[in-house]
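# Remarks on the overall topology
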Amino acid sequence: MKDFEFYNPVKIYFGKDQTLKIHSQIAAGNKVMLIYGGGSIFKNGVYDRVKEALKDHDVTEFGGIEPNPTYETSMKAVGIIKEKGIDFLLAVGGGSVLDATKFIAAAAMYRFGDPWNILAKGMPVAASLPFGAVLTLPATGSEMNKNSVISRASTSEKLAFSSPYSFPKFSILLPGAAGSLPQKQVANGVVDAFVHVLEQYLTYPVNAPLQDRFAEAILITLIEEGPKAYDNPADYEAMSNLMWSATMALNGLIGCGVPGDWSVHDIGHELTALHGIDHARTLAIVLPGLWKTLREEKKDKLLQYGARVWNINTGTEVERVQAAIDKTVDFFESLGIKTRLGVYNAGPETIDIIVKRFEERKWLSRGDRGLTTPEIIRRALEYQL
Ligand code: NZQ
Ligand code: ZN
């Protein structure tokens, strides 16, 4: 096992009647900005519940955070925060609202020029406004991690940052509110969480059996419970299991002491930036292509994954590796998620642009053991044309 540090200070409230807990988690004198997206919280009752919990607070509302939240919209919130002296943020919605809130919280305290530097130049976050979250969509794990992904509309870029200042103070997880999700978003959530586990698991063995089994438990739970939540988002039990699986998939625990990959995400972010493809759908395109390209390098873990998660125990090693890849693709497709670039009107020219962007950023050997070179990216995406 590799050396590791583990720190996760996020207080979680999970369940049906948890929104009132907000009241005790934000000091009476705080000036609060309630940040939300395109309006789903008005339709599923979450807005009313949150407002009830905040009835004694001075609240400014900021709506309109987009899926794939932008720098441009986030900076408008920063302007209002500075003008009004707001000192606590509350994100209410899915991963996009949470990620935007993390960036807004950091940008409001940034003293070294344009906060875009945090994303584009990897400048560290040295301070952040405190914030909490109310989660209505199981997918990203943003509710219990320190990561954020922000897009810049003017340049069609999508970049991530991570900072210990960017953990929520608390997160309220509402599986019931996720009952109003369109099926498409539930599918996205299952696949995003599934790939988060694989980014931390499907590398090479380092004798970390506990982390492996945590990862396999989450994958198997997603395979069992994800389709139930997809078929009926109002199935509270299934949605609860999906939501907690998605949180556990990316709160740092299963990544302790094991190598990570994350190049599926690096490449996927480009597909969103260039074509607006939903985040999870980009992962479902990239992952099979990358595995097909690196099947030899990732063979040991592909065989373990196939055996323990999909019960693939017969055939030659080559056949078992192929079966593990096929099972994964079938699972994504069973949730209505297509895994070919052509379906999304992306072709060879998109591959050229992505490869060039990696070269320009000097991202020449990313991911698991630095295996993801621009040439590997080209081959991986060509598999998925
Ligand atoms: O904007 P509203 O009106 O709220 O509608 C949203 C949005 O249209 C809707 N929605 C959310 N909860 C709902 C609901 N609709 C009905 N009922 C509900 N209960 O769903 C749509 C998608 O929401 P979004 O927040 O964009 O989805 P998701 O949670 O999948 O977040 C995706 C973003 O997270 C980033 C992605 O790149 C993408 O930008 N990620 C963040 C990560 C992190 N912070 O650790 C890791 C991930 O890998 C990912 O990159
Ligand atoms: Zn993801």
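Here, every reference points to the structure presented above.
Since the structure is predicted, the reported quantities are computational estimates derived from the model, not experimental observations. (Residues numbered from 1 in each chain as written. Chains lettered and ligands numbered in written order. Predicted model: local features only at pLDDT ≥ 70, side-chain atom pairs only at ≥ 80, totals over all residues. Heavy atoms only, no water.)

## Quick notes on the overall build of the chain
Within the chain one finds 15 helices and 8 strands. By the compact-globule yardstick of 21 Å for 385 residues, the chain fits well, its C-alpha radius of gyration being 20 Å. Projected onto its principal axes, the C-alpha positions of the chain cover 65 × 45 × 45 Å. Here the chain, with 385 residues, has 57% of them falling under the buried criterion. Across the chain, contacts joining residues at least 24 apart in sequence account for 79% of those joining residues at least 6 apart. (Helix = DSSP H or I, 4+ residues; strand = E, 2+ residues; numbered from the N terminus. Rg over C-alpha atoms; globule rule 2.2 N^0.38 Å. Buried < 20%, exposed > 50% of the residue type's maximum accessible area, 1.4 Å probe, protein only. Contact = heavy atoms within 4.5 Å.)

## A few points about a nonpolar patch on the surface
A cluster of nonpolar residues, Met-1, Phe-4 and Phe-6, forms a patch on the protein surface that exposes about 330 Å² of accessible area. With respect to the helices and strands, the residue Met-1 is situated in the segment before β1 (11-14). Overall, Met-1 belongs to the exposed group, its relative accessible area being 55%. (Patch = residues over 30% accessible without salt bridge, like charges linked within 9 Å, V, L, I, M, F, W, Y side chains within 5 Å. Areas by Shrake-Rupley, 256 points an atom, 1.4 Å probe, with all protein chains shown as cover. Salt bridge = Lys/Arg side-chain N within 4 Å of Asp/Glu carboxyl O.)

## Examining the coordination of the zinc ion (ligand 2)
Looking at the zinc ion (ligand 2), the protein donor atoms are Asp-192 (OD), His-196 (NE2), His-265 (NE2) and His-279 (NE2), and they sit 2.0 to 2.1 Å from it. On the primary sequence, the residues serving as donors to the zinc ion (ligand 2) are separated as D-x3-H-x68-H-x13-H. Of the two residues, Asp-192 is situated in helix α7 (residues 183-201) and His-265 in helix α10 (residues 263-275); the sequence distance between them amounts to 73 residues. You can call Asp-192 buried: its relative accessible area is 3%. A relative accessible area of 7% places His-265 in the buried class. (Donors = N, O, S within 2.8 Å, 3.2 Å for Na, K, Ca; no water.)

## Some thoughts on the nonpolar core
Of all hydrophobic cores here, the largest spans 100 residues; its most connected members are Leu-89, Ile-104, Phe-194, Leu-198 and Tyr-305. Considering every element that reaches this core, the biggest residue donor is α7, with 10 residues. In this view, Leu-89 contacts Met-33, Ile-35, Ile-81, Thr-101, Ile-104, Ala-105, Leu-129, Pro-130, Phe-131 and Gly-132; residues no more than four positions away in its chain are not counted. Judged by nonpolar contacts, the second largest core, of 20 residues, contains Tyr-13, Ile-22, Phe-170 and Ala-177. (Core = buried A, V, L, I, M, F, W, Y, C linked by side-chain atoms within 4.5 Å.)

## Some remarks on the sheet that holds strand β8 (residues 170-173)
Spatially, the 6 strands line up as an open sheet ordered β1-β8-β5-β4-β2-β3, and their pairing is parallel. Sheet topology places β1 and β3 (58-62) at the edges, where each strand pairs with a single neighbour. Sheet twist, expressed as the mean angle between neighbouring strand axes with direction ignored, is 20 degrees. In this structure, β1 lies alongside β8, joined through 4 bridges in parallel fashion. Directly across from Ile-12, in β8, lies its bridge partner Ser-171. Across the sheet, helix α3 (residues 46-53) lies against β2 (31-36), β3, β4 (88-93) and β5 (131-135), angled at about 155 degrees from β4, the strand it touches most. On the sheet, helix α5 (residues 95-107) packs against β2, β4 and β5 and is oriented at approximately 165 degrees with respect to β4. (Pairing = 2+ DSSP bridges. Axes fitted to C-alpha atoms, helices over the stretch in contact; angles between N-to-C directions.)

## Remarks on the packing of helix α8 (residues 209-231) against helix α12 (residues 299-310)
Contact geometry of α8 with α12 gives a least axis separation of 10 Å together with a crossing angle of 50 degrees. It follows from the interaxial angle that α8 and α12 lie oblique. Seen along the crossing, α8 lies across α12 with a hand that is right-handed. For the pair α8 and α12, contact is made by Asp-212, Arg-213, Glu-216, Leu-219, Ile-220 and Ile-223 and by Lys-301, Gln-304, Tyr-305, Arg-308, Val-309 and Trp-310, respectively. A per-class count over the contact of α8 with α12 returns 6 nonpolar, 1 polar and 5 charged. (Parallel < 35°, antiparallel > 145°, perpendicular 65-115°, else oblique. Left-handed = near helix turned anticlockwise from the far one by under 90°. Nonpolar A, V, L, I, M, F, W, Y, C, P; charged D, E, K, R; others polar.)

## What to know about the side chain of Gln-18
Tracing the backbone shows Gln-18 in the loop between β1 and α1 (22-25). For Gln-18, a relative accessible area of 14% corresponds to the buried category.

## Comments concerning the site of ligand 1
The full set close to ligand 1 counts 33 residues, and Gly-38, Ser-40, Gly-95, Ser-96 and Lys-158 are the nearest of them. Contact between ligand 1 and Ser-40: an oxygen atom at 2.7 Å from a side-chain N or O atom of the residue. In this structure, a nitrogen atom belonging to ligand 1 sits 2.9 Å away from a main-chain N or O atom of Ala-177. Sorting the residues of the shell around ligand 1 by element identifies α5, β6 (147-152), α7 and α10 as the ones contributing at least two each. Tallied by class, the residues present in the shell around ligand 1 amount to 10 nonpolar, 20 polar and 3 charged. (Near = heavy atom within 4 Å. Polar contact = N/O pair within 3.5 Å; in protein donor to acceptor, adjacent residues only side chain to side chain.)

## Thoughts on α5
Helix length check: α5, at 13 residues, gives a terminal C-alpha distance of 18 Å against a target of 18 Å (1.5 Å per residue), a fit within 8%. Counting buried positions over the 13 residues of α5 gives 12, a clear majority of the element. Within α5, the full set of buried residues consists of Gly-95, Val-97, Leu-98, Asp-99, Ala-100, Thr-101, Lys-102, Phe-103, Ile-104, Ala-105, Ala-106 and Ala-107. (Expected span 1.5 Å × (residues − 1).)

## So, the pattern of salt bridges
Enumeration over the complete set of coordinates arrives at 18 salt bridges. For Lys-298, the salt bridge goes to Asp-368, with nearest N and O atoms at 3.0 Å. In this pair, Lys-298 is assigned in the loop between α11 (279-293) and α12 and Asp-368 in the loop between α14 (348-360) and α15 (374-383), connecting sequence segments 70 residues apart. Residue classification places Lys-298 among the buried positions, given a relative accessible area of 1%. In this structure Asp-368 comes out as buried when scored by relative accessible area, which is 1%. Taking the shortest distance from any N to any O, the salt bridge between Lys-356 and Glu-360 comes out at 3.4 Å.

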